[in-house]
Amino acid sequence: MQLQLTLDPPDDDGRRTLTIHSRVQDPDDESEQGTWLQHAAGILTADSFDDQPAEAGKDSSWPPADAERIPTDDFYQQLADLGFGYGPGFRGLRAAWRVGDEVFAEVVLPEDQAQCVGGFGVHPALFDAGLHALGLLVPVGVSGG
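Residues numbered from 1 in each chain as written. Predicted model: local features only at pLDDT ≥ 70, side-chain atom pairs only at ≥ 80, totals over all residues. Heavy atoms only, no water.

### Describing the overall build of the protein chain
Within the protein chain, the regular secondary structure consists of 3 helices and 6 strands. Beginning at the N terminus, the succession of helices and strands in the protein chain can be written as β-β-β-β-α-β-β-α-α. In the protein chain, which comprises 145 residues, the share counted as buried stands at 24%. Long-range pairs, those at least 24 residues apart, make up 47% of the contacts in the protein chain between residues at least 6 apart in sequence. Carbon and sulfur atoms make up 49% of the accessible area of the protein chain, which totals about 9600 Å². (Helix = DSSP H or I, 4+ residues; strand = E, 2+ residues; numbered from the N terminus. Buried < 20%, exposed > 50% of the residue type's maximum accessible area, 1.4 Å probe, protein only. Contact = heavy atoms within 4.5 Å. Areas by Shrake-Rupley, 256 points an atom, 1.4 Å probe, with all protein chains shown as cover.)

### A closer look at the sheet that holds strand S1 (residues 2-7)
Strand pairing in a sheet relies on backbone hydrogen bonds. The paired strands run either parallel or antiparallel. With antiparallel pairing, 3 strands are arranged side by side in an open sheet as S1-S2-S3. A strand with exactly one partner marks an edge of an open sheet, and here the two such strands are S1 and strand S3 (37-44). Along the sheet, successive strands turn relative to each other by an average axial angle of 15 degrees, direction set aside. When S1 meets strand S2 (residues 16-23), the two strands line up antiparallel, connected through 6 bridges. By the bridge assignment, Leu7 is partnered in S2 with Leu18. (Pairing = 2+ DSSP bridges. Axes fitted to C-alpha atoms, helices over the stretch in contact; angles between N-to-C directions.)

### Some details on helix H3 (residues 124-134)
Those residues of H3 lying buried are Ala125, Leu126, Asp128, Ala129, His132 and Ala133. When H3 is viewed along its axis, its buried side chains cluster within an angular range of 160 degrees and face the same direction. Check the buried side of H3 and you find it contacts helix H1 (75-81), strand S5 (93-99) and strand S6 (102-107). (Arc of directions from axis to C-beta.)

### A word on the nonpolar core
Core analysis: the largest hydrophobic core is formed by 9 residues, namely Ile70, Phe75, Tyr76, Leu79, Leu93, Ala96, Val103, Ala133 and Leu136. Listing elements by their share of this core, those giving two or more residues are H1 and S5. Counting residues per element, this core draws most heavily on H1, which supplies 3 residues. Excluding residues within four positions of it along the chain, Val103 makes contact with Ile70, Ala96, Trp97, Ala133, Leu134 and Leu137. (Core = buried A, V, L, I, M, F, W, Y, C linked by side-chain atoms within 4.5 Å.)

### Quick notes on the confidence of the model for the protein chain
Detailed reading of the predicted coordinates is not advisable wherever pLDDT falls low. Of the residues in the protein chain, 75% reach a pLDDT of 70 or more, and the chain-wide mean stands at 78. When mean pLDDT is taken per element in the protein chain, strand S4 (residues 68-70) scores highest with 92 and helix H2 (residues 111-114) scores lowest with 72. (pLDDT = per-residue confidence, 0-100.)

### Quick word on the sheet that holds S4
The strand order across the open sheet built from 3 strands is S4-S5-S6, with neighbouring strands paired in antiparallel fashion. Each having just a single partner strand, S4 and S6 make up the two edges of the open sheet. Adjacent strand axes in the sheet meet at a mean angle of 30 degrees, parallel and antiparallel pairs treated alike. Pairing of S5 with S6 involves 6 bridges; the strand directions are antiparallel. Within S6, the residue paired with Trp97 across the bridge is Phe104.

Shown next as structure tokens:
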């Protein structure tokens, strides 16, 4: 599996588009590459580290008006029950909503992690929390077979 994270240059308002793709690679044939599949897209701004979510676009509302809230209160406990224990620095998923096959999430860095954001374009714990939202599309404990 290959994972691709793309962060575009800032636009005139300082916003940067972030996308996450993956593809399967045949381990026996390096020339045989699968099709890139987009898993997530978002907007990163200088305000992304504030307590309030960044505006996703000029005509967007937050959360999306037609979105259904996804419960997240016990998400990390459910993962721990399955053997995936995340420490406090990597429990940044705060809220999530679904519109069809899309998931929208609010993620934050814990206060002790927020002190060291200067060394990263996207802090690893914040990036990881965003990926956790993808797990909400499939109930915890259900295999995608």
